[in-house]
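Chain and residue survey
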Amino acid sequence: MKDIAIVSFAQSDCVRNAGAKNEVELIMPVIKSALGAAGLSTAQDVDFTCSGSCDYQQGAAFAFVLGVDALGAVPPIKESHVEMDAAWALYEAILKIRMGHADSALVYGFGKSSPGELPTVLSQQLDPYYLAPLWVDTVSLAAMQARMMLDQGVMEEADMAAVVARSRRNALANNPHAQLKGEVAVEQLLAEETWVSPLRKHDCCPVSDGASAMVLCTVEKAREWGKPYAVISGIDHRIETHNLGARDLTRSVSTEQAAAVAGVSDGAIEVAEIYAPYSHQEIILTRALGLGSETVVNPSGGVLAGNLMMASGLSRIGEVAQRIINGDIKRGLAHATSGPCLQHNLVTVLEAA
Amino acid sequence: MANLAAVVGIGQTKYQTRRGDVSIAGLLREAAVKALEDAGLGFDDIDAVIIGKAPDMFEGVVMPEIYLTDALGANGKPMLRVHTAGSVGGSTALVAASHVQSGTFKRVLTVTFEKQSESNAMWALSSPHPFSPHLNAGAGGYFAPIIREYMRRSGAPYDVGIKVATKDRLHGARNPLAHLQLPDITMAKVEESPMLWDPIRFLESCPSSDGACAMVIADASLVSESPKPPAWIRGVAMRSEPTMYAGREEVSPQAGRDCAADVYAQAGITNPRKDFDCAEVYVPFSWYEPMWLENLGFAEEGKGWKLTMEGATSLDENGDIPWNCSGGVLSSNPIGASGMIRFAEAARQVRGDAGAHQVEGARTALGHAYGGGAQFFAMWVVSADKG
């Protein structure tokens, strides 16, 4: 199979409310920036374009149709869309390159969550007959998962607070796009009241508006363009049962499966960017990925510092790729998730050329 | 170079107004199990599952792959959800094929669906987008002016659409899975039906259906493990263009022409009317048959309607290039599945497995889907020959 390279990545600031900006206005700056960094100017300059978004965020069908207006798709382009995080749009683009129908691709994800109540909107991901009518929101489900972990003694509340403190500190140091950042002590965090017990507000990712974009291509094409790049050495995703009662919520089996196929343990992982919308989920995921103290987890602050729903998974991959492109690290992994309590997980391993 | 892949199993539900006896998951599972049985396989033989449907707002289930995991035996496997407007059924087939053609997987299951009885498509399509002109007309109102422009340019007689509507329902009467069963339909009956969006009459429009369509796509190395003849995937293409831009050709969109040229080049098609034995083309409103005959190169510009009126696209009139032998979208329209039904019916024809709507000796067929404001296109060419 062809080796595939990421040559550029761009992300917007994570903001609580992008105001009057529509989807096209969210997308265009990051597309322009990602294409520009690859030495390209429009979607006409790549062989394939794929995006990820969710109509329910903005509350109207066909968000992605408007997105096409941001691409300059005249003359027509080869283009597709997944109603998933754009990490899965990247996956579709990789298949297209592997089969030889494209040598290069533009991938982007966007979300404007501010018009609605995101945790409640996402309750409609649940079984439409038995669960969705109960309107169980995503925060409540995550709280149930955290409670099980506490009850089983696999973590303590201070461990959750430590994840949050590190996220805020890393975001302050490394991430100009972060929505939440700062120096906070674990004791300070633990002193706050619980929100949906045992979760405190800071254990939950914020709701953000924004977009991110990436250009990928064959390694041959990256050399032809003369651009530094990160190689995707492995990528895989797995889904688990929707029946929460049939899963051990304190583990992430699908992450373990995807990590094995992606080849996470074939070498040292210097940096891991993990899509953990709740602090306790980072603990589940670092275990599922088999990460130890030699790995720097979420140097960007992760999604606790800002969560561009439908773009955050792609952004995790971009964060690691950018560090490799910059020459800061040689090997890292990125993780993306979807569904309640980490139901669906994607793992990407990235390496220097 | 893409790995060679083929359709080795096809399963469809009976299309009808309301399937109150099954849940959404039950509907998909019915099609999936039929496709696996057709392929002589079980869920354990499947490496990945790829689903597609029209907007989530139709049924109100957000990102439904999450809920459908168990029903489709996807636990522990990769699962992907495609969404590209009305072309999604076709696009989903293409994305599923790419899982195999890329060499990443050996055998995948793909399923598309719509349960229109649990949804309101007109409402979902008409919800206002902030900062955009509000369209409150649904699809028929959107396409009617474009059809009128085709009639003006081509000088086609008024009853071409009536002929298509009649022809496709007569085809549908041969297909026990088709939603509308109108064996006694006549052009007079179509003409008498109420005008909805001039020039589109009630009987010139597609129905609202519940239904699901599934396929199993396998790598060439595993094709012989399934009992029935394969449909080899000889060409795959997608194209998109914006809904609106200055000078956009809406009657015969550039994206459709480019997509056809791409897929024909891959499959070695130089004269579509001669080289194909039949075609399954997305015709939700009658007049789109002559329009797509021209857009897809089966007829010269302005002359597509003549093929229709001569009976060239009719199975009952022994036409040389039958279109939509299954009855087409005009006979069954579970929106998110409609594109995949075209792709699957094209495959059934070249497998020699299309029952009473079989085109005798069919070797090569086109599957076509379009969506949005006729701006998203997906096509494949399938053949009994490996090529």
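Residues numbered from 1 in each chain as written. Chains lettered and ligands numbered in written order. Predicted model: local features only at pLDDT ≥ 70, side-chain atom pairs only at ≥ 80, totals over all residues. Heavy atoms only, no water.

Per an unreviewed UniProt entry, chain B is named Thiolase domain-containing protein, and its organism is Candidatus Litorirhabdus singularis.

The name given to chain A in an unreviewed UniProt entry is Lipid-transfer protein, and the organism recorded there is Candidatus Litorirhabdus singularis.

Time to look at the overall build of chain A. Secondary structure summary: chain A contains 12 helices and 12 strands in total. Against the globule reference of 20 Å for 353 residues, chain A gives a C-alpha radius of gyration of 19 Å, in line with a compact fold. Counting only C-alpha atoms, chain A reaches 55 × 45 × 40 Å along its principal axes. Here chain A holds 353 residues, and 66% of them are scored as buried. For chain A, long-range pairs separated by at least 24 residues make up 79% of all intrachain contacts whose partners lie at least 6 apart in sequence. Put simply, chain A shows about 11700 Å² of open surface, and 50% of that area lies on carbon and sulfur atoms. Taking the 26 positively charged and 40 negatively charged side chains of chain A as two groups, their mean positions are separated by 4 Å. (Helix = DSSP H or I, 4+ residues; strand = E, 2+ residues; numbered from the N terminus. Rg over C-alpha atoms; globule rule 2.2 N^0.38 Å. Buried < 20%, exposed > 50% of the residue type's maximum accessible area, 1.4 Å probe, protein only. Contact = heavy atoms within 4.5 Å. Areas by Shrake-Rupley, 256 points an atom, 1.4 Å probe, with all protein chains shown as cover. Lys, Arg positive; Asp, Glu negative; His and termini not counted. Charge placed at Lys NZ, Arg CZ, Asp CG, Glu CD.)

With that out of the way, let us pick up the pattern of salt bridges. Residue and element names in this part refer to chain B. For the coordinates displayed, the defined rule picks out 37 salt bridges over all chains. One salt bridge in this structure joins Asp38 and Lys228, with 2.3 Å as the shortest N-O distance. With Asp38 in helix α1 (residues 24-39) and Lys228 in the loop between β7 (210-219) and β8 (231-240), this residue pair connects regions lying 190 residues apart in the sequence. By relative accessible area, Lys228 is classed as partly exposed at 30%. (Salt bridge = Lys/Arg side-chain N within 4 Å of Asp/Glu carboxyl O.)

The next point concerns the environment of Gly116 of chain A. Following the sequence through the fold, Gly116 of chain A ends up in the loop between β4 (104-112) and α5 (118-121). Taking the C-alpha atoms as reference points, Gly116 of chain A and Gln57 of chain A, separated by 59 residues in sequence, lie 6.7 Å from one another.

Let us now look at the interface of chain B and chain A. Facing 59 residues of chain B, the contacting portion of chain A comprises 59 residues. Contact between chain B and chain A buries roughly 5000 Å² in total, counting both sides, with carbon and sulfur atoms accounting for 64%. Linking chain B to chain A there are zero salt bridges. Contributions of two or more residues to the side of chain B that touches chain A are made by α2 (65-68), β3 (79-82), α3 (88-101), α4 (121-126), β8 and α8 (254-267) of chain B. The biggest single contributor to the side of chain B that touches chain A is α8 of chain B, with five residues. (Buried area = accessible area lost by both parts, 1.4 Å probe.)

All names here are of chain A. Running from amino to carboxyl end, helix α6 (residues 138-152) crosses helix α11 (residues 279-288) at an angle of 60°, the nearest separation of the two axes being 9 Å. As far as their axial angle goes, α11 and α6 are oblique. α11 is crossed by α6, and the crossing has left-handed handedness. On α11, the residues that touch Ala142, Gln145, Ala146 and Met149 of α6 are His280, Gln281, Ile283 and Ile284. Taken together, the residues that form the contact of α6 with α11 break down as five nonpolar, three polar and no charged. (Axes fitted to C-alpha atoms, helices over the stretch in contact; angles between N-to-C directions. Parallel < 35°, antiparallel > 145°, perpendicular 65-115°, else oblique. Left-handed = near helix turned anticlockwise from the far one by under 90°. Nonpolar A, V, L, I, M, F, W, Y, C, P; charged D, E, K, R; others polar.)

All names here are of chain A. When its volume is computed, the second largest pocket comes out at roughly 650 Å³. Taken together, 35 residues form the lining of the second largest pocket, with Leu118, Pro119, Cys205, Tyr278 and Asn307 sitting closest to its centre. Secondary structure elements with two or more residues in the lining of the second largest pocket: α5, α6 and β11 (331-338). Broken down by element, the lining of the second largest pocket gets its largest block of residues, three residues, from α6. (1 Å grid on protein atoms, 1.4 Å probe; cavity = no way out; pocket = protein on both sides within 12 Å on 5 of 7 lines; lining within 4 Å. Points joined across faces, edges and corners; volume = space filled by probe spheres on them.)

Another point: helix α4 (residues 86-98) of chain A. Residue and element names in this part refer to chain A. Spanning 13 residues, α4 covers 18 Å between terminal C-alpha atoms, matching the ideal 18 Å at 1.5 Å per step. Burial within α4 is extensive, with 13 of its 13 residues counted as buried. Between the side-chain oxygen at the start of α4 and the backbone nitrogen of Ala87 there is a gap of 2.8 Å, and the oxygen is on Asp85. Backbone geometry just after α4 places Gly100 at a positive phi near 85°. (Expected span 1.5 Å × (residues − 1). Polar contact = N/O pair within 3.5 Å; in protein donor to acceptor, adjacent residues only side chain to side chain.)

Looking along the chain, the bond that leaves Ser197 of chain A and enters Pro198 of chain A is cis, with omega of 5°. Phi at Leu342 of chain A is positive, roughly 60°, even though this residue is not glycine. Look at Ala374 of chain B: it is not a glycine, yet its phi comes out positive at around 50°. Considering the arrangement of structural elements, one finds Ala374 of chain B in the loop between β10 (364-371) and β11 (376-383).

All names here are of chain A. Within the secondary structure layout, Gly263 lies in the loop between α10 (253-262) and β9 (271-273). Exposure remark for Gly263: the relative accessible area of 7% places this residue in the buried category. The sequence separation of Gly263 and Gln11 amounts to 252 residues, and the corresponding C-alpha distance is 27 Å. When near neighbours in sequence (up to four residues on either side) are disregarded, Gly263 contacts Arg331 and Val349.

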